[in-house]
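# Working through the structure, step by step
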Amino acid sequence: MLILGCDVGSETHYLRAIDTRGRELSKSAFPFSNDAEGFQSAREWAVRIAAEHDKKQIVLGLEPTGHYWFCLATWMISNGISVVQVNPYAVKQTKEVEDNSQLKDDTKDPKLIANLVKDGNFGMPYLPEELYAELRRLSMFRDQLNEDRIRAINRMHREMKIYFPEYKDALGKVDGAFSLELLKSAPFPDDLKALDEGGIRQIWHDAKLRGRGYSRSGEILGYARSSVGIKDGAEAAKMAVQWFAQKIMELDEELAVIENLINQKCKEIPHTGNILEISGIGENTLSGILAEMGDISRFDDVKEIQKLSGLGLVACSSGKHKGETKISHRGRKRLRYWLFQAAKSAVAHAEEFKELHRYYTTRTKNPLKKMQSLIVIACKLLRIIYTILKKGTAYDPKKMLTDIKRQEKQESLAA
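For clarity, every value in this text was computed on a predicted model and none was experimentally measured.

So, on to helix H1 (residues 36–52). For H1, which comprises 17 residues, the first-to-last C-alpha distance of 24 Å matches the rise-based estimate of 24 Å (1.5 Å per residue) to within 8%. Among all positions of H1, only Gly38, Phe39, Ala42, Trp45, Ala46, Ile49 and Ala50 are buried. Projected onto a plane normal to the axis of H1, the buried residues spread over an arc of 135° and lie on a single side. In H1, the exposed positions angled more than 90 degrees off the buried face are occupied by Ala36, Glu37, Ala51 and Glu52. Those residues of H1 that are buried are in contact with strand E1 (2–7), strand E2 (12–18), strand E3 (30–33), strand E4 (58–62) and helix H2 (70–78). Residue Asp54 follows H1 closely and has a positive phi angle near 55°.

Quick look at the structure:
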């Protein structure tokens, strides 16, 4: 077997080759560009070395760097070269073993990666395909739009705090429909006083808004008349606030379109309707979990997904020291985020999960803190989702309560 170590870059990658005994077969690092011509030259270089040393199989090990390795891995696999991944943390930790130096560069890293593959310290890469690829890309796009929205709101808050400090009391929910329409037209006290109550209502009427917001026009005007906001630079700040308000409204429209597409894709996956029977688990939460988890058929056991999400339990103990058990936090943080959100929502809305959370936090033997209980419930939800997707079974809330009775029985027998 010929083992290739590849240090992935944004434009140029570097290769080195070793055999299964760790002997280097390449004279120096081979650089190649991130395009079809570069990929072909790298393959020809590897095939030539394999032929010179009578190697029958070629394995490419790489350190996943951002998104730059996606095209390289896909191309190599489609052209007959096996691809595996090594953990970037392992590369960092072993760099001084090579030459007792802190040096880390594009020519040293490929050999470190190849040696890790030789010793079996690698994993198989997973790139979502077809429906799951679409779902993950849409989910990532939704997260990016949400980040842009939060950024715009925070920047708008800064301007409003300077020129209209009372705006939160006056407007209530700043990113609500009534507030955004007003901020887009008349964000500061002088603008509101010029409009008077009738003008404020007219803005909302022209936007075709309906609801109880109209009754707040007098209260908003009262805050504007007694405002202590500064006046200097108000014209430039007004332009900024109006732009931010418009941007937030545009992002809300785009998010609605993206979430609708995500929900449609999510429904195409078999048995997702059974999962939505769990109170508190909505389409957005479920789509986030499925997008990060990928095709369920690639897992043999739910513990593999638990480890992938960083919810696997670890402890640091030595001799008489017994360390605290905690979750690893290593894996896909977005999957961990969505599972935790699902647990919080289920505890808030589903009676069986409320009861389970109450039991975990109040049991006589080893009661859990509230955060620990939510983590346990997130793992339990993961097992439920895994079982439903694998077997197509219906969700039964009564089974949740049998777990409590079983544990109470075990505690009584132990006592």
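So much for the structure itself; the text now carries on.
In this fold, Glu181 is placed in helix H7 (residues 177–185). You can call Glu181 buried: its relative accessible area is 13%. Those residues within four positions of Glu181 in sequence are excluded, and the remaining contacts are Ile203, Trp204, Ala207, Leu209 and Met249.

Here we take up the pairing of E1. Burial analysis of E1 places six of its six residues in the buried class, which makes it a mostly covered element. Residues Leu2, Leu4 and Cys6 of E1 are buried on one face, and the alternating residues Ile3, Gly5 and Asp7, pointing to the opposite face, are buried as well. In the sheet, E1 pairs with E4 via five bridges, with the strands oriented parallel. Across the sheet, Leu4 pairs through a bridge with Leu60, a residue of E4. Here E1 runs beside E2; their pairing, made up of five bridges, is antiparallel. Note that in E2 the partner of Gly5 across the bridge is Arg16. What sits between E1 and E2 in their antiparallel hairpin is a turn of four residues.

This paragraph deals with the packing of aromatic side chains. Aromatic rings considered in pairs are described by the distance between their centres and by the relative angle of their planes. Taken as a whole and assessed by the stated rule, the structure comprises 12 aromatic pairs. Residues Trp69 and Phe70 carry aromatic rings whose centres are separated by 4.9 Å and whose planes lie at 75° to one another, so their mutual orientation is edge-to-face. For Trp69, a relative accessible area of 6% translates into the label buried. Feature note: the residues Phe30, Phe32, Phe39, Trp45 and Trp75 constitute an aromatic cluster, connected by ring pairs. Lying over the aromatic face of Tyr126, Arg298 brings its terminal NZ or CZ to 3.5 Å of the ring centre.

Conventions and cut-offs
Residues numbered from 1 in each chain as written. Predicted model: local features only at pLDDT ≥ 70, side-chain atom pairs only at ≥ 80, totals over all residues. Heavy atoms only, no water. Helix = DSSP H or I, 4+ residues; strand = E, 2+ residues; numbered from the N terminus. Expected span 1.5 Å × (residues − 1). Buried < 20%, exposed > 50% of the residue type's maximum accessible area, 1.4 Å probe, protein only. Arc of directions from axis to C-beta. Contact = heavy atoms within 4.5 Å. Pairing = 2+ DSSP bridges. Phe/Tyr/Trp six-rings, centres within 6.5 Å; stacked < 30°, edge-to-face > 60°. Lys NZ or Arg CZ within 6 Å of the ring centre and 35° of its normal.

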